[in-house]
Amino acid sequence: MFSVSVFYQPAHAYHPLEAALYASLHRLGWCAATAWIIFACVTGNGGVMQRVLTWRPLVPLSRLTYCAYLVNGAVVLWGVAGVRETRTLSTASLVRRTLLPIRSISRVPPHNQTRPWASRLLLNFLESL
């Protein structure tokens, strides 16, 4: 998981062969490591990892994340299918698409003076984009 951090160290020299091997094999390595952990746990040789993965309080979290995994495709399809115009991705559009729905959920009167001035300024800027 943290193996990619080696490539971002300031003293690390770039080597094309190393980059090509990492780019072509890192997914296979991740899958093999995950498969090995699953195999070890299923056969009773998981040790500490097996105790962590079978800990009772993790069961609701595992069900919740699996449900999110199953629903994610439908949510993405719904979001893409509703697009009626060409969209371009920029920092401003990403911030607007992320923060404005949150504002509409917790809507307060638009000119409420109890809101801090910085958040008013940010929301006015986002609405002007």
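Definitions and cut-offs
Residues numbered from 1 in each chain as written. Predicted model: local features only at pLDDT ≥ 70, side-chain atom pairs only at ≥ 80, totals over all residues. Heavy atoms only, no water. Helix = DSSP H or I, 4+ residues; strand = E, 2+ residues; numbered from the N terminus. Buried < 20%, exposed > 50% of the residue type's maximum accessible area, 1.4 Å probe, protein only. Contact = heavy atoms within 4.5 Å. Areas by Shrake-Rupley, 256 points an atom, 1.4 Å probe, with all protein chains shown as cover. Expected span 1.5 Å × (residues − 1). Bend = angle between axes of the 7 residues up to and from the residue.

**Student:** I keep staring at the overall build of the protein and nothing clicks. Help me out?
**Tutor:** Helices and strands together make up the secondary structure of the protein, namely five helices and zero strands. Counting from the amino terminus, the protein carries its helices and strands in the arrangement α-α-α-α-α. Within the protein, the fraction of its 129 residues that count as buried is 6%. Restricting to contacts in the protein with at least 6 residues of sequence separation, those with at least 24 account for 26%. Carbon and sulfur atoms provide 70% of the accessible area of the protein, an area that totals close to 11,300 Å².

**Student:** Explanation requested: helix H1 (residues 16-42) in the structure shown.
**Tutor:** Side chains that are three or four residues apart share a direction in an α-helix, a result of its 3.6 residues per turn. Along its 27 residues, H1 runs 39 Å from first to last C-alpha, staying within 8% of the 39 Å computed at 1.5 Å per residue. By the largest-angle criterion, Leu25 marks the main kink of H1, which is about 45°. Downstream of H1 by a residue or two, Gly44 has a phi angle that is positive, lying close to 85°.

Nothing here speaks to function; it is all geometry.
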